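Here is how the chains run, residue by residue.
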Amino acid sequence: MKPLNSFADLAIHGAPPAFAEPLHVGRPNLGSREAFLRYANEIFDRRWLSNNGPLVQAFERRLAEFLGVKQCVAMCNGTIALEIAIRALELQGEVIVPSYTFIATAHALQWQEITPVFADIDPHTHNLDPEAVRRMITPRTTGILGVHLWGRACPVAALQAVAEEYRLKLMFDASHAFGCTQGGAPIGTLGECAVFSFHATKFFNTFEGGAVVTDNEDLAAKMRLMKNFGFSGYDNVIYPGTNGKMTEMAAAMGLVNLDALDEFVAANRRNHAVYARRLNAIEGLSVLAYDDREQNNYQYVVVEVGNEFPMSRDEIVRALQAENVLARRYFWPGCHNMLPYRAFYPHAGLLLPNTAQVADRVIVLPTGATIGESEIETIADIFEILSRSKAFASSAMNRQERCRELS
Ligand code: T4K
């Protein structure tokens, strides 16, 4: 490990990077290889690879039990799970969503020609502001799609009240919130239904995968039809469906990773505590906190860069990436500023000041089972050096950029 005492030690100043290999935000957590291979052998022996196989059924049962819901419908990824849930709820016209989320939340609506209407967030929680939601309601609004960003529950009761007042359907994108609770209850039990993502980069993964959970048996039955082309038995299609099925291999990964869930959470929790101890001590930085009275998965280490810090968020990210710390600017610049939506809402920014402010300040840092205390101490050392001067860091970066342009 190189010494990290002064600006001269930084990669943006020409020194070698702090880490020989990149540290990723979304490095997958992996459960027991042996257990996975046992499942893989069973799959080979059975020659049953997809279409509601025994492992998918076992996975759905375990998830439903774990989340305290009546029904869990496993799917091939979180985006398709969102699309199917939205369609099963018969949403149409306009649906209110945060702009400060992963683009899939908005796309799942737009893909079905439902207009995502972006409402602003609370800058402290990063979650939807119910009053902002209320302001965006029109006669065409049919639903609210809340996102439990970073695994912290959005204001469910207040959103429920708005939904009831205007007779809107309320569903949740809980992609970040597997294993998290609100008021002690698992987050999947809230609203008409909740959608999880089990993508490789999530702290709990099935390679690719997702699920919709609900207590509404009819809704679940409809989604089971929809994810299998609308087939009700052989040769009988009773619904215009799609292909949203989870494979047996994905379910095997899910079963293996469920057994390791406590380990994954413990690693994330430890990492979050080390980051918080070190970075909260630096003026201008604050690490988003999780409520320790709830169960959390601590999968996102979210740092906000305030005006007191002498470098901009983007300068910090560039400096970290030069050190092979692949920090991310999730979810900059907000969905409303992405190409498919920019033209829809050229003035959306005027209504989304908190979204703009938060999206400009956030850095998400590497965590997970592959990152330990010593890596985090090094990352914090880099932040400390950066906190000591703007002028130096900027000029070093400009120099680097000029070199790159010339080469
Ligand atoms: N709603 C919300 C709120 C979501 O956050 C997401 C997904 C969805 C809906 C949709 O769910 P899915 O359809 O994806 O199930 C990543 C993930 O692809 C995406 O699933 C996730 N949100 C989003 C927050 O993060 P990118 O574009 O940042 O991925 P990428 O390829 O840059 O990977 C992130 C980092 O992880 C990189 O440094 C590389 C590393 N990585 C990635 C993979 C796939 C690995 O080390 N190993 C791997 O296998 O979107």
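In what follows, the accompanying structure is described. Quick caveat, the model's predicted, so the values are computed rather than measured. (Residues numbered from 1 in each chain as written. Predicted model: local features only at pLDDT ≥ 70, side-chain atom pairs only at ≥ 80, totals over all residues. Heavy atoms only, no water.)

## Some words on the packing of helix α1 (residues 33–46) against helix α8 (residues 248–259)
Okay, step 1: The interhelical angle for the contact between α1 and α8, taken along N-to-C directions, is 150°, at an axis separation of 9 Å. Between α1 and α8, the angle falls in the class roughly antiparallel. Along this stretch, α1 crosses α8, giving a crossing that reads as right-handed. On α8, the residues touching Ala-35, Phe-36, Tyr-39, Ala-40, Ile-43 and Arg-46 of α1 are Glu-248, Met-249, Ala-252, Met-253, Leu-255 and Val-256.
Okay, step 2: Residues of the contact of α1 with α8, tallied by class, amount to 10 nonpolar, no polar and 2 charged. (Axes fitted to C-alpha atoms, helices over the stretch in contact; angles between N-to-C directions. Helix = DSSP H or I, 4+ residues; strand = E, 2+ residues; numbered from the N terminus. Parallel < 35°, antiparallel > 145°, perpendicular 65-115°, else oblique. Left-handed = near helix turned anticlockwise from the far one by under 90°. Contact = heavy atoms within 4.5 Å. Nonpolar A, V, L, I, M, F, W, Y, C, P; charged D, E, K, R; others polar.)

## Comments concerning the packing of helix α10 (residues 313–322) against helix α14 (residues 373–386)
Okay, step 1: Closest axis-to-axis distance for the α10/α14 pair is 11 Å, and the angle between their directions is 135°. With respect to their mutual orientation, α10 and α14 come out oblique. When the axes of α10 and α14 are compared, the crossing they make is right-handed. Two secondary-structure elements touch here, α10 through Ile-316, Ala-319 and Leu-320 and α14 through Ile-379, Ile-382, Phe-383 and Leu-386.
Okay, step 2: Per-class residue counts for the contact of α10 with α14 are 7 nonpolar, no polar and no charged.

## Re the state of the cysteines
Okay, step 1: A complete count under the given rule lists 0 disulfides for this structure.
Okay, step 2: Summary of cysteine pairing: Cys-180 is not part of a disulfide, and the nearest cysteine sulfur, belonging to Cys-154, is at 12 Å.
Okay, step 3: Since its relative accessible area comes to 3%, Cys-180 is described here as buried.
Okay, step 4: A disulfide-free cysteine, Cys-193 has its sulfur positioned 12 Å from the sulfur of Cys-72, the nearest such atom. (Disulfide = S-S within 2.5 Å. Buried < 20%, exposed > 50% of the residue type's maximum accessible area, 1.4 Å probe, protein only.)

## A look at the sheet that holds strand β11 (residues 285–287)
Within a beta sheet, neighbouring strands are joined by backbone hydrogen bonds and run either parallel or antiparallel to one another.
Okay, step 1: Read across the open sheet, the 3 strands follow the order β11-β12-β14; overall the sheet is antiparallel. Every interior strand has two partners, whereas the edge strands, β11 and β14 (362–365), have only one. The mean inter-strand angle of the sheet, taken between neighbouring strand axes irrespective of direction, is 30°.
Okay, step 2: Sheet topology places strand β12 (residues 301–305) next to β14; 4 bridges connect them, and they run antiparallel. Note that in β14 the partner of Glu-304 across the bridge is Val-362.
Okay, step 3: Packing against the sheet, helix α13 (residues 353–361) makes contact with β12 and β14, and its axis sits at approximately 45° to β14. (Pairing = 2+ DSSP bridges.)

## Some words on the layout of surface pockets
Okay, step 1: Estimates place the volume of the largest pocket at around 550 Å³.
Okay, step 2: Lining the largest pocket are 26 residues, with Phe-102, Ser-197, His-199, Thr-201 and Lys-202 sitting closest to its centre.
Okay, step 3: When contributions to the lining of the largest pocket are tallied by element, the ones reaching two or more residues are α3 (78–88) and α4 (103–110).
Okay, step 4: Ranked by the residues each element gives to the lining of the largest pocket, the list is headed by α3, at 3 residues.
Okay, step 5: The computed volume of the second largest pocket comes to approximately 290 Å³.
Okay, step 6: As for the second largest pocket, its lining consists of 17 residues, and the residues nearest its centre are Thr-125, Asn-127, Arg-152, Ala-153 and Asp-291.
Okay, step 7: Grouping the amino acids of the lining of the second largest pocket by side-chain chemistry returns 7 nonpolar, 6 polar and 4 charged. (1 Å grid on protein atoms, 1.4 Å probe; cavity = no way out; pocket = protein on both sides within 12 Å on 5 of 7 lines; lining within 4 Å. Points joined across faces, edges and corners; volume = space filled by probe spheres on them.)

## Looking at the site of the ligand
Okay, step 1: Not every one of the 23 residues close to the ligand is listed here, only the nearest: His-24, Thr-79, Asp-173, Ser-197 and Tyr-330.
Okay, step 2: Residue His-199 places a side-chain N or O atom 3.3 Å away from an oxygen atom belonging to the ligand.
Okay, step 3: Coverage of the ligand by the protein chains reaches 76% of its 930 Å² of free accessible surface.
Okay, step 4: More than half of the atoms of the ligand fall within 2 Å of the grid points belonging to the largest pocket.
Okay, step 5: Put simply, the parts of the chain that give the shell around the ligand at least two residues each are α3 and α4. (Near = heavy atom within 4 Å. Polar contact = N/O pair within 3.5 Å; in protein donor to acceptor, adjacent residues only side chain to side chain. Areas by Shrake-Rupley, 256 points an atom, 1.4 Å probe, with all protein chains shown as cover. Sits in = over half its atoms within 2 Å of the grid points.)

## Points about the nonpolar core
Okay, step 1: In this structure, Phe-59, Ile-144, Phe-178 and Phe-198 are the most contacted members of the largest nonpolar core, which totals 54 residues.
Okay, step 2: In this structure, Phe-198 is in contact with Phe-59, Leu-63, Phe-178, Phe-204, Asn-205, Thr-206, Phe-207, Glu-208, Gly-209, Gly-210, Ala-211 and Met-246, ignoring residues within four places of it in sequence.
Okay, step 3: Among the nonpolar cores identified, the runner-up in size contains 35 residues, and Leu-10, Val-274, Ala-319 and Leu-386 belong to it. (Core = buried A, V, L, I, M, F, W, Y, C linked by side-chain atoms within 4.5 Å.)

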